[in-house]
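# Inside the fold
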Amino acid sequence: MMAKKHIGYIENGINIDHIPHGNAWYIMKILNLFSSSSQAGVGLNLPSHKLGAKDLIKVEDRTLTQKEVDIISLFAVGSTLSVIKNFVVIDKQILHLPPEINDLLVCPNKRCVSQEYNSKFRTFIKSINERSCTGVKCHYCEREFLLEEIKEYKF
Ligand SMILES: [Zn+2]
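So, a few notes on the structure that sits alongside this text. (Residues numbered from 1 in each chain as written. Predicted model: local features only at pLDDT ≥ 70, side-chain atom pairs only at ≥ 80, totals over all residues.)

### Structural notes on the pairing of strand E7 (residues 120-128)
- Across 3 bridges, strand E6 (residues 100-102) lies against E7 in antiparallel orientation. Looking at the pairing, Asn102 lines up with Lys120 of E7.
- When E7 meets strand E8 (residues 131-138), the two strands line up antiparallel, connected through 8 bridges. Bridge assignment links Ser127 to a residue of E8, and that residue is Ser132.
- Linking E7 back to E8 in an antiparallel pair, the connection comprises 2 residues, with Asn129 at a positive phi of about 50 degrees. (Pairing = 2+ DSSP bridges. Helix = DSSP H or I, 4+ residues; strand = E, 2+ residues; numbered from the N terminus.)

### Comments concerning the sheet that holds strand E5 (residues 88-94)
- A sheet is described by the order of its strands in space; here 5 strands give the open sequence E2-E3-E1-E4-E5, paired in antiparallel fashion. The sheet is open, and its two edges are formed by strand E2 (40-48) and E5, each paired on a single side. Neighbour-to-neighbour, the strand axes of the sheet open up by a mean angle of 15 degrees, direction not taken into account.
- Pairing geometry for E2 and strand E3 (residues 52-60), over 7 bridges, is antiparallel. The residue of E3 that forms the bridge with Ala40 is Val59. (Axes fitted to C-alpha atoms, helices over the stretch in contact; angles between N-to-C directions.)

### A look at helix H2 (residues 66-74)
- Every buried residue of H2 is accounted for by Asp70, Ile71, Ile72, Ser73 and Leu74.
- Lining the buried residues of H2 we find strand E1 (13-20), helix H1 (24-30), E6, E7 and E8. (Buried ≥ 20, exposed ≤ 12 C-beta atoms within 10 Å, placed from the backbone. Contact = placed C-beta atoms within 7 Å.)

### Here's the deal with the environment of Lys137
- Looking at the secondary structure, you find Lys137 in strand E8.
- Along the sequence, Lys137 and Ser79 sit 58 residues apart, while their C-alpha atoms lie 23 Å from each other.
- Discounting residues that sit within four places of it in the chain, Lys137 has contacts with Phe121, Arg122, Phe124, Glu142 and Glu144.

Shown next as structure tokens:
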């Protein structure tokens, strides 16, 4: 007898693969996995030819809105998002950096007016020592930060 709800195989849901390792936590927060009843499988530090190490998230009975895809993409540039129906991949896309992220990041500039409003950041790719990183620029104070410098989120 086959165990229908074995998380190794998604019957209906999503699979996000090739997540830069360490970033699964953010995506789990965005997907609200800690407090939802969705069955999920998370792999951390899995071997990857492309990345060295990768994270992986599978969620049963879950679909994503375009807004959720954009927010997830911020932490998963180059990752693969597959949508699965009846055990078959019906859609597969590579995630790209969204141009703008609204109301998710808290500006590290404590004097920034965005502390009192919804935050708004433009995103860009910043290259540091030949390593490309995601940069974000606050719409209000116009300061630029690396994504890893953002310490607070409105999850
Ligand atoms: Zn700001």
